[in-house]
Amino acid sequence: MSYDGVGQRPEAARGSTDGRLRRGARPATTPLRTAGGRSRHVRRVLVFLGAGALAVPLLAGCGEDDEAGTPLAPQDIALVTRDKVADGGTLKWAVDAVPETLNTFQADADAGTSRVAQAVLPSMFRLDAAGRPVANPAYLESAEVIETEPRQVVLYKLNQQAVWTDGREIGAADFVAQWRALSGRNSAFWTARNAGYDRIAKIERGASDLQVRVTFSRPYADWKSLFSPLYPKDVMGTPDAFNDGARRKLKVTAGPFKVAKVDTAKKDVVLTRNPRWWGKPAKLNEIVLHAVTRDKRAAALADGSADLAEVDSADAQRIGLAHREKGTGTPLQGAGGRTSAKKLRDWALAHGFDSDQVHAGKEKLRKAVTRYLEQQQALRDVEVRKSLEPAYTQLALNGSTGPLADERVRRAVARALDRGELARLVLTPLGLPALPVGSHLALSGQAAYADGSGAIGGQDAKEAQALLADAGWVRGGPLKEPKKPEKAAGPQRPTEDVSNGGKDGEYIVGEDDDEKGRDDGPGGGSHGGTDGDGKNERKESAGDQHEHPDQRVPGEGKHGGAPGAYAPKGTAAPAAAPAGPLAKDGKPLALRFVLPSGSGSQTLNSVGERISAMLEQVGIRTTITKVSDESYFKDHIAAGDYDLALYSWPSSAFPATDARPIYAKPVAAADGSVNVEQNYTRVGTDQVDQLFDQAATTLDEDEARSLIRKADARIWAAAGSIPLYQRPQLVGVRKNVVNAGAFGFATPVYEDMGFLKKGAKVSPSPAK
């Protein structure tokens, strides 16, 4: 999950500063938080949701005849043929952190772990540009289901040249060791997931050492997800080797690169060419994965300590500005070589300097501006390659308690949203396709994708209000005066950061409008953000509803924002807000919207404020609470301490396996806890679980695809989460780096990466 959304295959669920969460099979157990009768309440809610799913049988197959389509945006990697790539060189690739482990099957594996595994370990299957699994010819001659009765049997025929760096052939012994470690039968192996491996009955040698027969105890549709990556038996053979042997080193590998060293002091993972690699030799001598925080990426690209780095929209905009500034004047070129302090401050604010820098004094500011201009000069050798990540951002609705325990209220929230407007808010300023995501379980281009949003319907304020009225929320009812803004779900926790204009990190959307008599007009319910000085931005009128990205000063806003952060804020919702709050049993309809407060959270805050304005139009008030990035996932999302939240999930080529824990029906345990696995909305149905189980056991790909689409339609109807938009993928890359950049769905081909030969050119449509 991500609270804004890499790894195509899931790791254990983890929070991160850019909002991503990783899909995985490791269950999370959340204690019940309300004393007295809570477990009965949870069961009642889930039975009601199950009945709701049964009430929409005609929606179960919606979108079934739709084609999966193509990816909304192609990958952008400066693709060239290998003959145009120079031999040698070191590619410096910025990552978030030095991986805590090099074992992707451990709970603390991260995106850096996946990058290393892709470059140095076998994968039987990799993902193509449409996010679909294809056999990897470097390791496989073929892999297919050869028997279905009495049991499913898959036969792997291995590439006869495939060997580990110690000279041993890759073979059945490695498959057996990995199966035993990940089967879940031996708790001494500290594994984060075992999905699929727990269905294997036996593994044996085939007709030769290059054949591996895998027999399943029960059918498994997602068998192509297994043994990718494949670790040597040296790592998987014993609990000690598995738990500790591959955390900071991998002595035996089998990819185009090998792990030379992990240098925690320098924050580097150094990968060098594998001399035993049997495939096309790697063009690069080395790949250095270097830890660089997000707010330092532009500086790293400028000073040469990084050649390739995923960047946020503010830095992408800054790189674009560097190319447009050539030959223009600077703020240091005033009359007589002097510039007033005010002009320097104004220029610095317009170019994203933070408040501390702007007000540090003229000489310090002058030095900071000089350094910035030097970096801008260097950034002319860098370009931004962009695509869409294989991940989507969603609005999560906590259905465990409070108003959102009622499916009708959740559906009303969904019907109040203009998802197209939210997608445009984030993606249009970046020049990326701005279409809302239509599925929880796949993205456009993937085989299982179909737009299932018809199961709940599009934006319709009247229908949203009708659903609220049916749930008992009426206008003009008596209200009990609360002592402070009510937190509708989860335990009462102190907030950790102060948001703009609110006490303890909170402000109520629409409250200022009531106090001022809505003298800002019908759009007054839209809550604006803050500028660099923390002052409230102006609220636009209801008639000023369209985006104007061309009117924003290039570089405006703080650098370090998440992708899409510089879209205009404060645009009014399209309709006049109804007067007076909705109420039920003496309580107003108010939801607690929890958002992160860190420097990488501007996009989420912009989207959150726009959502709050949309909800205000149908009578739903929101209290926005901003919390620290470190606390956001652990103390709020996972703990259930929120009503509304924004985070992202990566898509998977294997949704029957990987998405099930995210949408599984929570189960109450005898000890008073609830096993939610990764279903942090706490909304689930028996029907969805059954459809996932059926999809995971059928070996008919068409039937599996149909079952996944039916499951998605029921997830839409339950309204526990609302997919919004596919996440932008922005990568700053030195111009002469080729076959690398914004990869989209595809697994990178590490042996083809490198630097463009002198005199060679990148074709707009290079031949493969």
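Because the structure is predicted, anything quoted here is derived from the model rather than measured.

(A) Examining the pairing of strand S23 (residues 721-734) more closely. Counted residue by residue, S23 has 14 buried out of 14 residues, so it is predominantly covered. As defined by bridge partners, strand S12 (residues 308-310) adjoins S23 across 3 bridges and the pair is classed as antiparallel. Bridged to Ala309 within S23 is Gly732. Direction of pairing for strand S13 (residues 382-397) relative to S23: antiparallel, over a ladder of 12 bridges. By the bridge assignment, Arg385 is partnered in S23 with Val731.

(B) The arrangement of the packing of aromatic side chains in detail. Applying the stated rule across the entire model yields 18 aromatic pairs. Both rings, one in Trp649 and one in Tyr680, keep their centres 6.3 Å apart while their planes meet at 5°; by these two values the pair is stacked. A residue pair is termed long-range when its members are at least 10 positions apart, and Trp649 in strand S20 (residues 644-650) and Tyr680 in the loop between strand S22 (673-675) and helix H19 (686-697) qualify at 31 residues. Neither Trp649 nor Tyr680 differs from the other in exposure class; each is buried. Here a set of aromatic residues connected by ring pairs shows up, and it is made of Phe105, Phe125, Tyr156, Phe175, Tyr197, Trp223, Phe227 and Tyr231.

(C) How the structure looks around the packing of helix H11 (residues 407-416) against helix H13 (residues 461-470). Contact geometry of H11 with H13 gives a least axis separation of 8 Å together with a crossing angle of 165°. As summarised for this structure, H11 and H13 are arranged roughly antiparallel, according to the angle between their axes. Pair H11 / H13 crosses with left-handed handedness. Listed contacts from H13 to Arg408, Val409, Arg411, Ala412, Arg415 and Ala416 of H11 are Ala461, Glu463, Ala464, Leu467, Leu468 and Asp470. Of the residues belonging to the contact of H11 with H13, the class tally is 7 nonpolar, no polar and 5 charged.

(D) Just the sheet that holds strand S8 (residues 211-216), in detail. In space, the 4 strands of this open sheet follow the order S5-S6-S8-S7, with antiparallel pairing throughout. Because the sheet does not close on itself, it has two edges, and the strands there are strand S5 (140-147) and strand S7 (200-205). For this sheet the average axis-to-axis angle between neighbouring strands, irrespective of direction, equals 15°. Inspection of the sheet shows strand S6 (residues 153-158) paired to S8 by 5 bridges, in the antiparallel sense. Counted as the bridge partner of Val153 is Thr215 from S8. Its contacts with the sheet put helix H3 (residues 172-182) on S6, S7 and S8, and the angle it makes with S7 is roughly 160°.

(E) Quick look at the sheet that holds strand S14 (residues 474-475). The 3 strands are arranged S14-S16-S17 in an open sheet whose pairing can be described as antiparallel. Looking along the sheet, the strands with just one partner apiece sit at the ends: S14 and strand S17 (587-588). In the sheet, strand S16 (residues 582-584) pairs with S17 via 2 bridges, with the strands oriented antiparallel. Residue pairing in the sheet places Lys584 in a bridge with Lys587 of S17.

(F) How the structure looks around H11. Counting buried positions along H11 yields 9 of 10 residues, so the element is predominantly enclosed. Residues of H11 that are buried include every one of Glu407, Val409, Arg410, Arg411, Ala412, Val413, Ala414, Arg415 and Ala416, and no others. Measuring from the backbone nitrogen of Arg408 back to the side-chain oxygen at the start of H11 gives 2.9 Å, which picks out Asp406 as the cap.

Scoring rules and cut-offs
Residues numbered from 1 in each chain as written. Predicted model: local features only at pLDDT ≥ 70, side-chain atom pairs only at ≥ 80, totals over all residues. Heavy atoms only, no water. Buried < 20%, exposed > 50% of the residue type's maximum accessible area, 1.4 Å probe, protein only. Helix = DSSP H or I, 4+ residues; strand = E, 2+ residues; numbered from the N terminus. Pairing = 2+ DSSP bridges. Phe/Tyr/Trp six-rings, centres within 6.5 Å; stacked < 30°, edge-to-face > 60°. Axes fitted to C-alpha atoms, helices over the stretch in contact; angles between N-to-C directions. Parallel < 35°, antiparallel > 145°, perpendicular 65-115°, else oblique. Left-handed = near helix turned anticlockwise from the far one by under 90°. Contact = heavy atoms within 4.5 Å. Nonpolar A, V, L, I, M, F, W, Y, C, P; charged D, E, K, R; others polar. Polar contact = N/O pair within 3.5 Å; in protein donor to acceptor, adjacent residues only side chain to side chain.

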